[in-house]
Each structure stands twice: as structure tokens, then as C-alpha cells.
Amino acid sequence: MSEKNLEVSEAQIAVHWQEEEYFPPSTEFIAQANMADAGVFDRFSLDNFPNCFKEYADLLDWDEYWHTTLDTSDAPCWKWFVGGKLNVSYNCIDRHLEKNQNKAAFIYVPEPVEEPPVAITYRDLYNRVNEFAALLRDFCGVKQGDRVTIHMPMVPELPITMLACARLGAIHSVVFGGFSGKASGERVSDSGSNVLVVMDAYYRGGKLLEHKDKADQAVKVATDDGQEVDKVLVWQRYPGKYSAETPMVEGRDYFVNDLLKDYTGKRVDPVPVPAEDPLFLMYTSGTTGRPKGCQHSTGGYLAYAAGTSKYVQDIHPEDVYWCMADIGWITGHSYIVYGPLALGASSVLFEGVPTFPDAGRAWQIAEQLNVNIFHTAPTTIRMLRKAGPDEPAKYNYKFKHMTTVGEPIEPAVWRWYYDVVGRGEAAIVDTWWQTETGGFLCSTLPALSPMKPGSAGPAVPGIHPIIYDEDGNEVTPGSNIAGNICIQNPWPGAFQTIWGDRDRYVKQYYERYCANPESKDWRDWPYLTGDAAMQAPDGYFRILGRIDDVINVSGHRLGTKEIESACLIVNEVAEASVVPVNDELKGKVPDVYVSLKPGFDSGKEIQTKVIAAIDDSIGKIARPKNVYIVPDMPKTRSGKIMRRVLAAISNNQDVGDVTTLANPEIVDEVRKLVQGE
Ligand code: WT7
């Protein structure tokens, strides 16, 4: 990529990306699609809201059928399918046993090539989930409504743990395996978990990495915060063998594989829970420092994950479906575990990185397992395109359907995905959504609308977006004018609240364009996504990026404030400012600016300390591209750090008019430091 391309800001991308041509899905794809009836959009129109979502709820088995589709009495905390009771583990496992017990629920691919793929049948899954649920209940005392934090890599024991919680009606909170022990501990504490489930070690990039050490740190952080952790359950990467160095703590740490011996063959009746009981928490970054626990429901969430998996992912029972995301993110929850399993599909679970041992690994797995639905993110597509543009052609696989998710995809990258990975045959969906939304918001329905590179597409059935300007006026639909994209109506997959912080939930997502805070009518409560977007005359939405202090790194959100607070842990640092800088592979990465307390000299060791503090507080995913030590920050007269100016410097853009700053002379000094003379 040339220097010039790297200069482009998100808002400019929209301007620079021209209108793209359409790519129609193949007749072969249309002929087999789950949804090829354009009437679906009428069925899911606002006139038929909210009853249209019965169609999704009816994909599930209910222990008690619901009486009220949508209860808005506690607006904007929406309740879906009220009166209904169901169990997620039953819906994802038990109900498939009669016809499909021998079918693979998961096909687990370990990273080392010498360890062959393992098929976990629905029967295996049933046995293992029951035994682990019995252990959680009888050994740990976990019961309905309790929170269990799970900090694990991509191994079958992760969904087994999640489904065991769901079987008991307990609320799981999965922390991305790559996050630090401290990040895990903060989530343990915020969620009030007294059980933490981890694994001793896992493979990544050819190395067996210690993971248990993070549990010790997590417990320490949680305990310091006043949250006791009674039990740490440690799965072993190789059952019966401990692959970590960290000692086990007597009376606190237990090897799951030892305990399970007492639970062989045990069965736990799935606990039917009210539809609006929480199924899980998923923490995500926001505008303030502290990550927030997005609380997802049981009935609404599962119905929405199942419905969108069926119609947008086009999953059929006979497909081999591979979503290369991590289960530690919402994508993995909805589209590796819950959606596919609710439909009785076979979902591939890959432990490692798709470039190990070489850039052909993803396509080798696709060939070996005969994968026909493939799901990944632009950052991975860019990486695979760079590392091995000709690799896909060497393998014999055939995708009917491919997904891109997490950030805008550049049309050139889209074309490589389409032409080279999909061989011009696979239908692509560019799915726009968020941790909060539980499932897709915008995407083409793959058999119904043509693809358009760089655009997420129209809204999916039952989602009705609206774009507002800063003053709350609706931007003319289809005008290609950018604004703040909101969703007019609630939908079953939407999160219910921020765990323990309803005020923050209302403030951050609903206050901005709310007509009347007393209103119980959903029409008064548009959901603020926090993204800027524009709609083309054909109704397709192009997502332009975040409007808040959030950096989308490789398709995952990191709060600038979170990273800044990590920098401030370093004793020498007086002030820190974090801005997004364009990156060829990851989309955006943080650039860090720090100024030092008086009496300290800048030097390499400070940069090292800052990086270590970020690794330690958040994880390597937040690693900055650069750490600049500056004499001072550009500030307004009221003392606010002008991040915009720093971002412009990082991205080689025009800093604009800085004459009104308190210290305009610093801008050029910082610029020289970053860009050279
Ligand atoms: C943010 C949500 C959705 C699961 C993965 C990320 C950006 C997401 C797209 C897309 C353009 C996208 C948005 C959104 N985003 N998908 N297809 N095109 N931008 O979940 O970490 O909650 O991040 O990712 O900015 O708000 P997340």
C-alpha cells in the first residue's frame, strides 16, 4: 500500500471509494438458499413489528410458549418473548440427538499439524456438557443466575463450559484468551463470579503458550477488588498432563480432568429459564475507561442468532461451516457456537493462527474438512492476501458462501476474497453488527440481493436503520450523506442492559436521540450504534467507522481511555493520549503519545515500560504501533488534549487550524518528532 493510501481517514474512505459494481449471486447458490423469497422484507416490515420475530422464535423448542412478543414497560430495557421458558443447552444439543446424535457438532482442528482434527458428535457433546454441568453444580455450587468467568483459548472445552453453564441457567462471561490476567480479573470482579474456568496452555503460532499464570493474576486483581474467587477450574490441553509452569494453589485450583472422574455418566436436567433471563455477559470497550458487560438474553438472543444463521449465513444441516473468529468475541458466541448449534449444524473450531505453519493453512483445512461456508474478518483477509496471494489456488475446496465482519473492507481486498478465495462462485456477505446487537444488523441476504464491495448492504429483515445528523434531524434516506446510524426498533438479539449499570446503558445507547425519556413506546427510543454511516440510493449502507473514542483494531474495539489508563501506570508518565493510526493489515492500531513528569528523561526504557503496561493491563491485542515521548500535548485553552491534532500527525494528515490552542508551537515540535523534519 502506498503512503498515500495510508493517509486516508475513515470519513475520507467514503469519499474516495467510488460507487462499486454489483456482483449477483450464482444461480447455483440461489437454488439451494434458505431464504430466496423477497417477501421476507414485507413480513418483517415495521407494520408487522414486533410479531414478525415469531418466525425466529419458532426455530426454537420452548418448555413454555411465550405470550407477549415484546414488553416495553421498562423502556429502553426491552423484554422479548415474555412468559416463555426454554433452555439453551437443550436447544443446542438435546433436541438434535434423536435424529443426529452421530453428527459432528464441532470439528476441532488443533494447531499442530500432527494432531488430527477431532469430530465431537452431538452425543459426545451431550455427554461432556452434562458431566461438566454436574461438576459445576455439585462441586462448585453453581446455580441459576450465578456468573462464571471463562478465560480460555479455542478448544472444544470452551463451548462445553459455556453450554454447561447454560444448562444450569448460569450466566457465562467469556474473556478472550489473548487478554491479560488483569483484564480477566477485572471482568471476574465486575461480573461477581466466584468460579473462574481456564486452561493450562494452548498453541499459537507453533508455540505451546502458558495460560494458567493469567488465572493467578486474575484472582489477585479480583480479590484486591473485593471479589473472592473460590475455585479455579483448570482444563488441561493434554488431559492428565499439566502443560504450565505455574503451581496449582491448594484448595483453590483444580484440574477438571481429575474432578470429572466423579461425574462420569452424570446427567443434569436442563433448567428451563424465562426467556428474558441473561444467558451471558460479553465485555466490550466503550468511551470511558472501564469495559462494560453487555448482558444478553436467553430466548431473544438464541432466536436471533438462529434466525440470522439460517438466513444470512445460509447454514443447512449438511454444510460444513467454519467461522475463523475467536469464541472469546461476540462473533464466536453467535456464529461459532449458538447460531450453528441451534440449527444442528457442524461448526469448525480452529485452535491456531491461519498462517501456521504457512499461509496455506486455512485453505488446507478447508480442503481437508470440505468446508463450504467460510467466515472471517478483513484483517485476516488482508493478512492472508499479503502472506500468500496464490495459496488458495493450490487447494481443492469449494465455498458456496463467505462472510466478512468487524470493520469496513476495502474494495480491492474484497475482490481478492471474491475472485481468489471464493473463485468467483461464492456469495459474500459483509455483515455489520456489534457486541451489543447479538447478531447482524446490515448485510445482503445472499440469494436475494447482489453484493457490492465495500458496502454492508441493506438492513437484514426486521432491522430498520435511520441516519441522524448532529441535531437529530433525519438524513434523507439514500442520499449518500454521512451521519450517525441508529436502529429505529428493538430486535430480539439486542443486549438487555450493561451488567450492573442501567444508567450507563441508557445514556450511552438511547439518550442521544430519545424524544421523551418517560416514554414506554419503542418508537421514541432509537438505538445509537456509535458508528457513522451513509446510505446509497440503492438502500445499501456503507459503514464509515466509530464516532466515539474507540479504536477498531483488527475488527475489535479498544477504548482509547483504557489504553491511556494503562500508560499512566508507568510511574514516569504524566499524561497519555492514544489515537488511531491507519495500518495496512489491522485497519487501525493505537499510536501512543506520552509526556513525562518533571525530572525524567525520555528514552527507550520508558517506551518499553509503556508497552509492557499495555500488554499487562489489556493484552497484546492493544499493542501500540509507536510510543512517542513528547515534551507536551497540544491542548485547548481549557486544558483538553487535542487528540484530533495528534491523530492527524500520526496519519500524515493536515492538522488544520491550531492557532486557537493554548500551545500552538508544540504542534510542529510533535510533528517533527513523529514525521522527521
Ligand atoms: C464495531 C463493533 C460485529 C462483531 C465483531 C466486532 C465495526 C463491525 C463491520 C462491517 C464496517 C464494521 C463497527 C461496529 N464493524 N462490522 N461489516 N463493516 N464496520 O464487534 O467489537 O463490538 O465492534 O465494529 O464500527 O460498531 P465489536
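Along each chain, residues carry numbers from 1 onward, in the same order as the chain's sequence is written. With the structure being a predicted model, the display of local features is reserved for residues of pLDDT at least 70 and the display and counting of side-chain atom pairs for 80 or more, all residues being used for whole-chain, interface and lining totals. Hydrogen atoms and water are omitted, and side-chain values are computed over all heavy atoms in the structure.

**Q** Would you explain the site of the ligand in this entry?
**A** Proximity is defined per residue: any heavy atom of the residue falling within 4 Å of a molecule or strand makes that residue near it. The environment of the ligand is formed by 19 residues, the closest being Asp430, Thr435, Asp531, Arg546 and Arg557. A distance of 3.0 Å is found between a nitrogen atom of the ligand and a backbone nitrogen or oxygen belonging to Gly406. The side chain of Gln434 places a nitrogen or oxygen atom 2.9 Å from an oxygen atom of the ligand. In isolation the ligand exposes 550 Å². Once the protein is present, 97% of that is buried. Residues that form the shell around the ligand fall into these classes: six nonpolar, eight polar and five charged. Polar contact criterion, stated in full: a pair of N or O atoms within 3.5 Å, where within protein one must be able to donate a hydrogen and the other to accept it, and residues adjacent in sequence count only if both atoms are side-chain atoms. Method for areas: the Shrake-Rupley scheme with a 1.4 Å probe, in which residue coverage is limited to the protein chains shown. Three classes are used: nonpolar for Ala, Val, Leu, Ile, Met, Phe, Trp, Tyr, Cys and Pro, charged for Asp, Glu, Lys and Arg, and polar for all others, with Gly counted as polar.

**Q** I'm lost on the side chain of Asp319 in this one. Help?
**A** Counting from the N terminus, the helices are DSSP H or I runs at least four residues long and the strands are E runs at least two residues long. If you trace the backbone, Asp319 turns up in the loop between helix H12 (299-311) and strand S16 (320-323). Using a relative accessible area of 5% as the deciding quantity, one classes Asp319 as buried. Side-chain polar atoms of Asp319 contact the backbone nitrogen of His316, separated by 2.6 Å. Within polar-contact distance, the side chain of Asp319 engages the side chain of Lys400 at 3.0 Å. The contact criterion used throughout is that any non-hydrogen atoms of two residues lie within 4.5 Å. Leaving out residues up to four positions away in the same chain, Asp319 has contacts with Asp314, Ser346, Asn372, Ile373 and Lys400. Only protein chains enter the accessibility calculation, which uses a 1.4 Å probe. A residue is then buried if its area is under 20% of the maximum for its type, exposed if over 50%, and partly exposed in between.

**Q** Explanation requested: the pattern of salt bridges in the structure shown.
**A** Oppositely charged side chains can form a pair if their charged atoms are brought close together. Think of a salt bridge as a Lys or Arg side-chain nitrogen and an Asp or Glu carboxyl oxygen that are within 4 Å of each other. One pass over the structure, following the stated rule, counts 43 salt bridges. With a closest N to O distance of 2.7 Å, Asp538 and Lys452 form a salt bridge. Highlighted residues: Asp538 in the loop between strand S24 (527-535) and strand S25 (541-546) and Lys452 in the loop between strand S20 (427-431) and strand S21 (465-468), separated in sequence by 86 residues. The partly exposed category is assigned to Asp538, whose relative accessible area is 29%. Relative accessible area serves as the criterion here: at 3%, Lys452 is assigned to the buried category. Put simply, Asp583 and Lys625 hold a salt bridge, and the shortest N to O gap is 3.1 Å. Pair noted here: Asp583 is in strand S28 (residues 573-583) and Lys625 is in the loop between helix H19 (604-617) and strand S30 (627-629), with a separation of 42 residues, a long-range link. The class of Asp583 is buried, set by a relative accessible area of 19%. It is possible to trace a salt-bridge network through shared partners that takes in Lys212, Asp216, Arg252 and Asp253.

**Q** I keep staring at the sheet that holds strand S11 (residues 231-235) and nothing clicks. Help me out?
**A** Paired through their backbone hydrogen bonds, the strands of a sheet run either parallel or antiparallel. When DSSP finds at least two bridges between two strands, those strands are taken to pair. Here eight strands make up an open sheet; going across it, the order is S12-S11-S8-S6-S7-S14-S15-S23 and the pairing mixed. Lying at the two open borders of the sheet, with one neighbouring strand each, are strand S12 (253-255) and strand S23 (497-498). Across the face of the sheet, helix H8 (residues 157-168) comes into contact with strand S6 (147-152), strand S7 (171-176), strand S8 (195-199), S11 and strand S14 (278-284) while running at roughly 175 degrees to S6. As a rule, the C-alpha atoms of each element are fitted with a line to give its axis, helices using only the stretch in contact, and angles between N-to-C directions run from 0 to 180 degrees.

**Q** I would appreciate a short explanation of the nonpolar core in the present structure.
**A** We call a set of buried residues a nonpolar core when its members are Ala, Val, Leu, Ile, Met, Phe, Trp, Tyr or Cys and they connect through side-chain atoms within 4.5 Å of each other. Formed by 122 residues in total, the largest nonpolar core has its most connected members in Phe53, Leu125, Phe132, Leu233 and Tyr338. Once you skip the residues sitting within four places of it in the chain, Leu125 turns out to touch Ile93, Ala105, Phe106, Ile120, Ile160, Leu163 and Leu341.

**Q** Where do I start with helix H10 (residues 212-224) in this structure?
**A** Quick reminder: α-helices carry 3.6 residues per turn. Residues three or four places apart thus point the same way. In this model H10 runs 19 Å from its N-terminal to its C-terminal C-alpha over 13 residues, within 8% of the 18 Å that 1.5 Å per residue would give. Listing the buried residues of H10 in full gives Lys212, Lys214, Ala215, Ala218, Val219 and Ala222. Along the axis of H10, the buried positions cluster into a sector of 140 degrees, meaning they face one direction only. Exposed positions of H10 whose direction lies more than 90 degrees from the buried face are Lys220 and Asp224. Buried positions along H10 lie against S6, helix H9 (181-191), S8, strand S10 (207-210), S11 and S12. A positive phi of about 95 degrees marks Gly226, the residue just after H10. By this rule, a helix spans an expected 1.5 Å times one less than how many residues it contains. The reported arc concerns the directions from the helix axis to the C-beta atoms and nothing else.

**Q** Looking at this structure, how should I read the environment of Thr529?
**A** Position of Thr529 among the secondary structure elements: in strand S24. Placed 95 residues apart in sequence, Thr529 and Gln434 show a C-alpha to C-alpha distance of 8.1 Å.

**Q** Explain the pairing of S8 here, please?
**A** Sheet faces and side chains relate simply in a regular strand, where the side chains alternate between the two faces. Among the five residues that make up S8, five are buried, leaving the element largely enclosed by the rest of the structure. Taking every second residue as pointing to the same face, both faces of S8 are buried, with Val195, Val197 and Met199 on one and Leu196 and Val198 on the other. The pairing of S6 with S8 spans four bridges and is parallel. For Val148, the partnering residue across the bridge sits in S8 and is Val195. Of the strand pairs in this sheet, S8 and S11 are connected by five bridges, and their pairing is parallel. Note that in S11 the partner of Val195 across the bridge is Lys231.

**Q** Looking at this structure, I do not really get the environment of Val550. What am I missing?
**A** Along the chain, Val550 falls in strand S26 (residues 550-553). With relative accessibility at 7%, the residue Val550 sits in the buried group. Spatially, the C-alpha atoms of Val550 and Thr560 are 5.8 Å apart, while their sequence positions differ by 10 residues. Those residues in contact with Val550, other than ones at most four positions away along the chain, are Ser285, Gly286, Arg557 and Leu558.

**Q** Help me understand the packing of aromatic side chains, please; the structure alone is not making it clear to me.
**A** Here the distance between the centres and the angle between the planes together describe a pair of aromatic rings. Put simply, two rings from Phe, Tyr or Trp (the six-membered ring, in Trp's case) pair if the centres are within 6.5 Å, and we call them stacked under 30 degrees between planes, edge-to-face over 60, tilted for the rest. Following the criterion strictly, the structure yields 49 aromatic pairs and no others. Centre to centre, the rings of Phe49 and Phe53 are 6.3 Å apart; their planes meet at 90 degrees, and the pair counts as edge-to-face. Here the two residues Phe49 and Phe53 agree in accessibility, since each one is buried. Look at Tyr505 and Tyr510: their rings are 5.4 Å apart centre to centre, the planes differ by 55 degrees, and that puts the pair in the tilted class. Pair check on accessibility: Tyr505 and Tyr510 agree, each one buried. Members of the aromatic cluster, joined through ring pairs, are Phe44, Phe49, Phe53, Tyr56, Trp62, Tyr65, Trp66, Trp80, Phe81, Tyr304, Tyr311 and Trp522. In this analysis the charged atom, NZ for Lys or CZ for Arg, is taken to sit over a ring once it is within 6 Å of the ring centre and within 35 degrees of the ring normal. Here Arg237 stacks its cationic end above the ring of Tyr238, 4.9 Å away from the centre of that ring. Directly above the aromatic system of Tyr397 lies the positively charged group of Arg423, at a separation of 4.0 Å from the ring centroid.

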